[in-house]
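Architecture at a glance
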Amino acid sequence: MSATETFRIEVNGRPAEARRGETLLDVCRHAGVDVPTLCHLPDLAPSGACRICVVDVRGRGLVPSCSCPVEPGMSVETNSQSATRARKTIVELLLANHPDDCLYCVRHGECELQDLAQRYGVRERRYVTAKNDHHVDISSPSLVRDPAKCILCGKCVRVCEEVMGVAAIDFIRRGSRTLVAPAFNRGLNVSTCINCGQCVMVCPTGALHEKSHLKEVQDALDDPAVTVVVQHAPAVSVSLAEEFGLEPGADVEALMVTALRRLGFARVFDTSFAADLTIMEEASELVSRLKGGGRLPMFTSCSPGWVKFVEQFYPDLMPNLSTCKSPQQMMGAVVKRVWAGREGLDPRRVFSVAIMPCIAKKFEAQRPGMGDAEDVPDVDAVLTTRELARLIRLHGLDLARMTPGAPDLPLGERSTAGKLFGGTGGVMEAALRTAHWLVTGREMYHLTIGAVRGLEGVKEARVKLDDVELGVAVVSGLGRARRLLEEVRAGRDDLHFIEVMTCPGGCVGGGGQPLRADTGAVLSRLEGLYRIDRSEPVRLSHRNRHVQELYDEVLGEPLGARSHELLHTHYHARDGAV
Amino acid sequence: MSPRVVDILERFPGAHRDSLIPILQAVQEQEGFLSQDSVLAIGRHLDLPASKVYGVATFYNQFRFTPVGRFHVQVCRGTACHVKGSANVLDAIERELGVKAGGTTRDGLFSLEVVACIGACGLAPVIAVGGDFHAGVAPRDVPGIFAAYRERAKEGGSDAA
Ligand code: SF4
Ligand code: SF4
Ligand code: SF4
Ligand code: FES
């Protein structure tokens, strides 16, 4: 892309910089001119499905800006009468069979279709046909699919296939009967869907959304016989700010802790504590595999979408997955099976809530083996960052005006290494810090491992632990993971440890995060995590004193018998998924 | 997996996605319909997700996903039949059988298909049941027509076309 030719065109009567290869949409946006889109996805080839992005090109008339390459000499009007009228008509046609019961819709107030109807002044139902009345698919533990609300923009289909490498859903049938659905028009629960929620993040309407656990949580909070405890994932405190109009990436942990107490949670714990615990186990597991005790390269196992992906597409590589549960589930097990007893509480009367940037965590919480011998679940409900924001608003709390609070001990203590789990590369960095200590008995000289930081989808590095040199890779977005797995299957053997996070950017870009954020916001969240790592003294998971205390008093050794019982799990192939 | 489908797939070694339609046609010709197992097997053979195979197959009217019933019902929706009210006839049949076009009744007796033009425009609106033509069908005739076939099936006749 070097020496790209640049030139100027005219947008709305003013000069605008253009580069050959850009689309008119790119040029308009760079020039600060807003052109609406519905089917456009940055970084993917344009599909031209919705036409809402039409602009008026002098001498040519209306063209869809998202797929029209810019050419020298062009003069573009984005808001000519004919362009705005065309957009309004498109919205009216989309609304013709759309059940526009906005007041009862999850996306009310956050819906791109609703915004466009407002922006273009749709005030009457101009085209009247039968409203869509497809079945709502509630079969998935993580998401709800309401095809009646679907405007067939196709973004979910493309993200699922091209970014996530899953292709669980596609267009079926044609004409007015077209639908986006899993194979055989069956429920998502029997499909290959890995519950990542990236389709939810791109859906402009209420056709895809998370399965809410708010009701269960509110019921528990209202029940005086139940002790409700909450954990919040590393990425949440650097993402919640956006829901309340604060700076993207700002760390609002202290405000959030107080808000959670005001909502009625009896204890506020930190999933990053369990991330430190995960690192103790996972770094020990890595060292043990390096000494000949198991398959290499070892894969991280904290991202439940990725785990299901391996189980259904690469069952032959399941032995490469670390047996460690995710931090959410480690925390769940410790809360119900250790902490509750010490507090003199009956685990059945403890309701354990996890706030996650993720909707696959809802699926993970109900996996077999994620409870005690009597199947009391370790985690009872999972709320996304978005659902937490909804709960806070429901209670009329103003996040910005909370008095800062501190988490509860012992399970609210964390190192910054645990906090780094919230972004791509974070598990790797935290694990290498502790593996170095386990192997050499010394701390790493440079704790920051720049090569695994940042939003790039694939990062590789060679890291020395004394005389052992490790090959490590960090991948986010499962489409890219697929390519790396193919290399491993084909015999690539220079890698020892691979971190995979399901969502692009890791949890900061998770499917439960604030909607309509751009890459800039996701990057700010990631930088928020780095800022925390820079500014606090305890940067190593093995220096979390409450984690060490847990080993001294309960667990014994990492990978010991008690650890295995509480903190590790196993996997099973899923050949039935369609 | 039906060994016949395996045979068909073996006739397309190392095939790519451009062979999808010919394979779908060959399987349907052999089996009479595309079962879930067939769709999954075709997907594995072509290294295509099942959602894609199913999506492509449902795009075309020629493919069906349930086995053909003992009496295959074809409802003509050609222009002449349309003008004479075949939409209402189709409606009535769908209600009578409790299946939509493309479906097969639970008892396996009737499968319903909409066809573009049977080529009997003089008889519009026309339907064919198990190969018999019924001309000038009105919605109110529908229950009687199907009752007769149910009767025939009960008598244990093996006379279905
Ligand atoms: S999807 Fe949007 S336009 Fe449709 S009902 Fe919901 S809020 Fe309204
Ligand atoms: S949740 Fe993920 S895997 Fe499932 S349909 Fe959506 S994008 Fe595909
Ligand atoms: S479900 Fe949403 S993202 Fe998918 S096609 Fe429909 S409107 Fe678009
Ligand atoms: S955004 Fe350009 S056609 Fe949909």
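1. Notes on the overall build of chain A
A count of helical and extended segments in chain A gives 19 helices and 17 strands. Its C-alpha atoms give chain A a radius of gyration of 25 Å, near enough to 25 Å, the size a compact globule of 578 residues would have. Once the C-alpha set of chain A is aligned to its principal axes, its extents read approximately 75 × 60 × 50 Å. The proportion of buried residues among the 578 residues of chain A is 60%. Carbon together with sulfur atoms contributes 51% to the accessible area of chain A, which is approximately 23000 Å² in total. Charged side chains of chain A number 69 positive and 74 negative; the gap between the two group centres comes to 5 Å.

2. Section: the domain arrangement of chain B
Looking at chain B, the domain boundaries give domain 1 (3–59) and domain 2 (71–154). Here domain 1 of chain B and domain 2 of chain B have C-alpha centroids that lie 29 Å from each other.

3. Structural notes on the interface of chain A and chain B
Counting residues at the interface gives 15 residues for chain A, matched by 12 residues for chain B. Counting the surface chain A buries against chain B, the share from its top three residues, Asp170, Arg174 and Phe184 of chain A, is 47%. In this assembly, chain A and chain B are joined by two salt bridges. Residue Asp170 of chain A is joined to Lys52 of chain B by a salt bridge in which the shortest nitrogen-to-oxygen separation is 2.7 Å. Per-element accounting of the side of chain A that touches chain B gives the leading share, four residues, to strand β7 (residues 169–172) of chain A.

4. Overview of the site of ligand 3
Around ligand 3, the neighbouring residues are Cys150, Ile151, Leu152, Cys153, Gly154, Cys156, Val180, Cys203, Pro204, Thr205, Ala207 and Leu208 of chain A. Broken down by class, the residue content of the shell around ligand 3 amounts to 10 nonpolar, two polar and no charged.

5. Focus on helix α8 (residues 253–263) of chain A
Residues and elements named next belong to chain A. Across the 11 residues of α8, eight count as buried, placing the element largely inside the fold. Of the residues making up α8, those classed as buried are Glu253, Leu255, Met256, Val257, Thr258, Ala259, Leu260 and Leu263. Among the residues trailing α8, Gly264 stands out with phi positive, at a value near 115 degrees.

6. A look at the packing of helix α9 (residues 271–290) of chain A against helix α15 (residues 426–440) of chain A
In a pair of packed helices, the angle between the axes and the distance between the axes together describe the arrangement. Residues and elements named next belong to chain A. Two elements in contact, α9 and α15, have axes separated by 9 Å at closest approach and are oriented at 60 degrees. The two elements α9 and α15 meet at a crossing, and its hand is right-handed. Within the contact between the two elements, α9 uses Ile279, Met280, Ala283, Ser284 and Val287 and α15 uses Val427, Ala430, Ala431, Thr434, Ala435, Leu438 and Val439. Split by residue class, the contact of α9 with α15 holds 10 nonpolar, two polar and no charged.

7. Description of the side chain of Lys52 of chain B
Tracing the chain through its elements places Lys52 of chain B in helix α4 (residues 50–59). Judged by relative accessible area, which is 10%, Lys52 of chain B ranks as buried. Apart from the residues lying within four places of it in its own chain, the contact partners of Lys52 of chain B are Glu161 and Asp170 of chain A together with Arg17 of chain B.

8. Quick notes on the sheet that holds strand β5 (residues 75–77) of chain A
Residues and elements named next belong to chain A. Within the open sheet, the five strands sit side by side as β2-β1-β5-β3-β4. Their pairing is mixed. Edge positions in the open sheet fall to β2 (14–19) and β4 (61–64), since each of these has one partner strand only. Within the sheet, the average angular offset between the axes of one strand and its neighbour, ignoring direction, is 40 degrees. Bridge count for strand β3 (residues 54–57) against β5 is two bridges, and the pairing is antiparallel. Residue Val57 lies in a different strand from β5, and its bridge partner there is Val76.

9. With respect to the environment of Ser86 of chain B
Residue and element names in this part refer to chain B. Summarising the element assignment, Ser86 is placed in helix α6 (residues 86–97). On the basis of relative accessibility, which here comes to 1%, the residue Ser86 falls in the buried class. Along the chain, Ser86 and Thr66 lie 20 residues apart, while their C-alpha atoms are 23 Å from each other. If near-sequence neighbours (up to four positions away) are discounted, Ser86 is found in contact with Cys76, Arg77, Cys81 and Pro125. Polar contacts involving the side chain of Ser86 include one to the side chain of Arg77, which spans 2.9 Å.

10. Section: the packing of aromatic side chains
Scanning the entire structure with this criterion turns up 12 aromatic pairs over all chains. Judged by centre distance (5.1 Å) and plane angle (80 degrees), the rings of Phe110 of chain B and Phe146 of chain B are edge-to-face. Here Phe146 of chain B lies in helix α7 (residues 142–154) and Phe110 of chain B lies in strand β2 (residues 110–115), a separation of 36 residues in the sequence. Both residues of the pair, Phe110 of chain B and Phe146 of chain B, belong to the buried class. Its guanidinium or amino end placed over the ring of Phe59 of chain B, Arg174 of chain A lies 4.8 Å from that ring's centre, counting from NZ or CZ. Sitting over the face of the ring of Phe313 of chain A, Arg482 of chain A holds its NZ or CZ atom 4.5 Å from the ring centroid.

11. Some remarks on the sheet that holds strand β15 (residues 458–465) of chain A
Residue and element names in this part refer to chain A. Taking strand neighbours across the sheet as the criterion, the four strands line up as β12-β17-β16-β15 in an open arrangement whose pairing is mixed. A single partner strand is all that each edge strand has here, and the edge strands are β12 (298–299) and β15. Where β12 lies against strand β17 (residues 497–501), two bridges are found, and the strand directions are parallel. Across the sheet, Met298 pairs through a bridge with Phe497, a residue of β17. Against the sheet, α15 contacts β15, β16 (468–476) and β17, and its axis sits at roughly 155 degrees relative to β17. Each of β12, β15, β16 and β17 touches helix α16 (residues 478–489); the most contacted strand, β16, lies at about 140 degrees to it.

12. Some points on the packing of helix α3 (residues 36–46) of chain B against α4 of chain B
Residues and elements named next belong to chain B. Close contact between α3 and α4 brings their axes to 8 Å; oriented N to C, the two are set at 115 degrees. Crossing of α3 over α4 shows right-handed handedness. Residue-level contacts link Val39, Leu40, Ile42 and Gly43 of α3 to Ala50, Val53 and Tyr54 of α4. Looking at side-chain class alone, the contact of α3 with α4 contains six nonpolar, one polar and no charged residues.

13. As for the nonpolar core
Burial of nonpolar side chains together is a common tendency in soluble globular proteins. All names here are of chain A. Residues Leu143, Trp306, Phe309, Leu478 and Ile498 are the most contacted members of the largest nonpolar core, which totals 44 residues. Within the residue set of this core, elements represented by two or more residues are α4 (155–163), α5 (198–202), α10 (304–313), β16, α16 and β17. Ranked by residues supplied to this core, first place goes to α16 with five residues. The two domains that each donate at least three residues to this core are domain 2 (92–210) and domain 3 (215–567). With near-sequence residues (within four places) excluded, Leu143 lies in contact with Asp137, Leu188, Cys193, Asn195, Cys199, Val200, Leu208, His209, Glu210, Lys211 and Ile359. Core analysis: the second largest hydrophobic core is formed by 39 residues, Ala241, Phe265, Ala381 and Leu388 among them.

14. What to know about unusual backbone geometry
What is expected of a backbone is that most residues other than glycine have negative phi and most peptide bonds are trans. All names here are of chain A. For the peptide bond that leads from Leu296 to Pro297, omega is -5 degrees, which places it in the cis range. Assignment of secondary structure puts Pro297 in the loop between α9 and β12. In this structure, Pro410 follows Leu409 across a cis peptide bond, with omega equal to 0 degrees. Within the element layout of this structure, Pro410 appears in the loop between α13 (385–394) and α14 (416–419). The residue Leu152 is not glycine, and still its phi comes out positive at about 60 degrees. With respect to the helices and strands, Leu152 occurs in the loop between β6 (143–145) and α4. According to the relative accessible area criterion, Leu152 is partly exposed, its value standing at 31%.

Calculation notes
- Residues numbered from 1 in each chain as written.
- Chains lettered and ligands numbered in written order.
- Predicted model: local features only at pLDDT ≥ 70, side-chain atom pairs only at ≥ 80, totals over all residues.
- Heavy atoms only, no water.
- Helix = DSSP H or I, 4+ residues; strand = E, 2+ residues; numbered from the N terminus.
- Rg over C-alpha atoms; globule rule 2.2 N^0.38 Å.
- Buried < 20%, exposed > 50% of the residue type's maximum accessible area, 1.4 Å probe, protein only.
- Areas by Shrake-Rupley, 256 points an atom, 1.4 Å probe, with all protein chains shown as cover.
- Lys, Arg positive; Asp, Glu negative; His and termini not counted.
- Charge placed at Lys NZ, Arg CZ, Asp CG, Glu CD.
- Domains from an automatic or database assignment.
- Contact = heavy atoms within 4.5 Å.
- Buried area = accessible area lost by both parts, 1.4 Å probe.
- Salt bridge = Lys/Arg side-chain N within 4 Å of Asp/Glu carboxyl O.
- Near = heavy atom within 4 Å.
- Nonpolar A, V, L, I, M, F, W, Y, C, P; charged D, E, K, R; others polar.
- Axes fitted to C-alpha atoms, helices over the stretch in contact; angles between N-to-C directions.
- Left-handed = near helix turned anticlockwise from the far one by under 90°.
- Pairing = 2+ DSSP bridges.
- Polar contact = N/O pair within 3.5 Å; in protein donor to acceptor, adjacent residues only side chain to side chain.
- Phe/Tyr/Trp six-rings, centres within 6.5 Å; stacked < 30°, edge-to-face > 60°.
- Lys NZ or Arg CZ within 6 Å of the ring centre and 35° of its normal.
- Core = buried A, V, L, I, M, F, W, Y, C linked by side-chain atoms within 4.5 Å.

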